[in-house]
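# Structural characterization, general
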Amino acid sequence: MSEQNRIPGKYSGKASARLRTLKLFLATFLVCYLLLRFVVGISWISGHSMEPGIPNGSMVFYLRLTRDYQVGDAVPIKMPSGMFYIKRIVAMEGSEVDLKDGTLYVDGIPEQSTEALGRTDPQGDHVAYPCLLGEGEIFVLGDNREDSVDSRTYGPMVLTQIEGKILFYIPPLW
């Protein structure tokens, strides 16, 4: 059969459709990867330290790009061990943190948080109170104060340990 007798594009339609589908899949995969690597993070809550604010088993989504943190923000924190914890910022650099009679005081003012559950007592002897936060330091606590390992144990965290700011969470379905 000569070149002129062949039906032009008989198989090229299927091949080009597959190629377009493959390109679309690869482009979608690349965009999702870049978004999840540099813009948005996903984590799961394992434990009761953030209850009642964020229930155990919740999937949390956080924005990696922000560096505008404030007291009250729930943030993912990377520990030197490589583990990640979700905690709430209760004090920023320059503040004085004190724990008296199960109550958190920041700059002499007792905490009025609606998320806090239980007594806020010291943990161990690694942190001396009152604790003055230096430049770039924050103090973080879990919402469930009696079931949380946080700055009361590890001391103040540095801003560079924060991986982002929690945008929202999806509670567990079970």
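Going by the structure above, here's the rest.
Residues numbered from 1 in each chain as written. Predicted model: local features only at pLDDT ≥ 70, side-chain atom pairs only at ≥ 80, totals over all residues. Heavy atoms only, no water.

## Here's the deal with the side chain of Ser 43
With respect to the secondary-structure elements, Ser 43 resides in strand 1 (residues 40-44). For Ser 43, a relative accessible area of 17% translates into the label buried. Residues in contact with Ser 43, not counting those within four places in the same chain, are Ser 58, Met 59, Val 60 and Tyr 62. (Helix = DSSP H or I, 4+ residues; strand = E, 2+ residues; numbered from the N terminus. Buried < 20%, exposed > 50% of the residue type's maximum accessible area, 1.4 Å probe, protein only. Contact = heavy atoms within 4.5 Å.)

## Concerning the sheet that holds strand 6 (residues 103-106)
The strand order across the open sheet built from four strands is 7-6-5-8, with neighbouring strands paired in antiparallel fashion. Edge strands, defined here as strands with exactly one partner in the open sheet, are strand 7 (109-110) and strand 8 (131-132). Summarising the sheet, strand 5 (residues 96-100) and strand 8 pair through two bridges and their orientation is antiparallel. Its bridge partner lying in strand 8, Val 97 is registered against Cys 131. (Pairing = 2+ DSSP bridges.)

## Observations concerning the sheet that holds strand 3 (residues 74-78)
If you walk across this open sheet you meet the four strands as 3-4-9-10, and the pairing is antiparallel. Each of the sheet's edge strands pairs with one partner strand only, and the pair in question is strand 3 and strand 10 (157-158).

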